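Reading the structure
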Amino acid sequence: FVGGGGLCGNCPVNHQDHEIFTPPYMYKTDGVTLANRPVISSIPATAQNGETITIAMSGPKKTKIKTFMWMRFYSVTHSIATDQRGTVRGIRSGPTQEGGGEYSYTVKIPNNVNKFPRGLYWVYARSGSKVPSVGVKVQIV
């Protein structure tokens, strides 16, 4: 969301407008219809450094997942040191077809606690066309 300025007194133009930006990758090629988003149907609520976890997806299998994005929850220590991190985790294997239209991937959590600190993360599945799923919360313990 981007809001205009405005109401600045004697300015010749007051911009009391706004814009909601949706990135192009969120649309199909027609530029109008929203793209199908991957759906994480099951993921462990907690995981440990060095562990391999299974992430179940639902929806059409042709929505092949290329990466899983891990975005660390926001934490404030100073006004400019927010300690926000994001990392891409490679897929070890998948998709493996399961019952009921689900398929799963296995992902290895890094061993190094300094590069992948314990705490809460949003996990997003990202398709080959870079369309993200809705984030799911996972805690590294």
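Calculation rules
Throughout this description, residue numbers start from 1 for each chain and increase along the sequence as written. Confidence filtering applies because this is a predicted model: local features only for residues at pLDDT of at least 70, side-chain atom pairs given and counted only at 80 or more, and all residues used for totals across whole chains, interfaces and linings. Derived side-chain values reflect all non-hydrogen atoms in the structure, with water molecules and hydrogen atoms excluded from consideration. Secondary structure elements are taken from DSSP: a helix is a run of H or I of four residues or more, a strand is a run of E of two residues or more, and numbering for both begins at the N terminus. Whether a residue is buried, partly exposed or exposed follows from its accessible area with a 1.4 Å probe, protein chains only, as a fraction of its type maximum: under 20%, in between, or over 50%, in that order. By definition, residues are in contact when any of their heavy atoms lie within 4.5 Å. We get accessible surface area from the Shrake-Rupley algorithm with a probe of 1.4 Å; when it comes to residues, only the shown protein chains can shield them. Take the buried residues of types Ala, Val, Leu, Ile, Met, Phe, Trp, Tyr and Cys, join any two whose side-chain atoms come within 4.5 Å, and each joined set is a nonpolar core. We define a polar contact as two N or O atoms separated by no more than 3.5 Å, with the added condition that, inside protein, one atom must be a possible hydrogen donor and the other a possible acceptor, whereas residues neighbouring each other in sequence contribute only through side-chain atom pairs. One confidence number per residue, pLDDT, is output by the predictor and ranges from 0 to 100. Being paired, for any two strands, means DSSP has found at least two bridges between them.

**Some remarks on the overall build of the protein**
For the protein, the helix and strand inventory stands at zero helices and 11 strands. Secondary structure elements of the protein, listed N to C terminal, follow the sequence β-β-β-β-β-β-β-β-β-β-β. Out of the 141 residues belonging to the protein, those deemed buried represent 26%. Here the contacts in the protein between residues at least 6 apart in sequence split such that 54% fall between residues at least 24 apart. Summed over its atoms, the accessible surface of the protein is roughly 9,000 Å², and 53% of this surface lies on carbon and sulfur atoms.

**Some points on the environment of Phe73**
Here Phe73 lies in the loop between strand 6 (65-72) and strand 7 (86-89). On the basis of relative accessible area, Phe73 is assigned to the partly exposed category, the value being 25%. C-alpha of Phe73 to C-alpha of Lys137: the two residues are 64 residues apart in sequence and 9.2 Å apart in space. Look past the residues within four positions of Phe73 in its chain and what remains in contact with it is Leu120, Tyr121, Trp122 and Lys137.

**Considering unusual backbone geometry**
Located in the positive-phi region is Lys130, a residue other than glycine, with phi close to 70°. Counting through the fold element by element, Lys130 comes out in the loop between strand 10 (119-127) and strand 11 (136-140). According to the relative accessible area criterion, Lys130 is partly exposed, its value standing at 49%.

**Quick notes on the nonpolar core**
Ranked by internal contacts, the top residues of the largest apolar core, which has 19 residues, are Ile53, Ile55, Met57, Phe68 and Trp70. Among the secondary structure elements, those contributing two or more residues to this core are strand 5 (52-58), strand 6, strand 9 (102-108), strand 10 and strand 11.

**Considerations on the side chain of Asn49**
Within the secondary structure, Asn49 is located in the loop between strand 4 (46-47) and strand 5. From its side chain, Asn49 meets the backbone oxygen of Phe116 in a polar contact 3.0 Å long.

**Topic: the confidence of the model for the protein**
Taken residue by residue, the protein gives an average pLDDT of 82. The fraction at 70 or more is 79%. Within the protein, the lowest mean pLDDT, 68, falls on strand 8 (residues 91-97), and the highest, 96, falls on strand 4.

**Considerations on the pairing of strand 5**
Sheet topology note: the strand 3 (residues 39-42)/strand 5 ladder contains three bridges and is antiparallel. Counted as the bridge partner of Ser42 is Ala56 from strand 5. Of the pairings in the sheet, the one linking strand 5 to strand 9 comprises seven bridges and is antiparallel in character. Each bridged residue has a counterpart across the sheet, and for Ala56 the counterpart in strand 9 is Ser104.

**Thoughts on the side chain of Ser127**
Within the secondary structure layout, Ser127 lies in strand 10. Those residues within four positions of Ser127 in sequence are excluded, and the remaining contacts are Pro38, Thr63, Lys64, Ile65 and Lys66.

**Some thoughts on the environment of Pro132**
Summarising the element assignment, Pro132 is placed in the loop between strand 10 and strand 11. With a relative accessible area of 18%, Pro132 lands in the buried category. Expressed as a C-alpha distance, the spacing of Pro132 and Thr67, which sit 65 residues apart in the sequence, is 9.5 Å. Sequence-distant contacts of Pro132, that is, excluding residues within four places in its chain, are made with Tyr25, Met26, Arg37, Pro38, Ala125 and Arg126.

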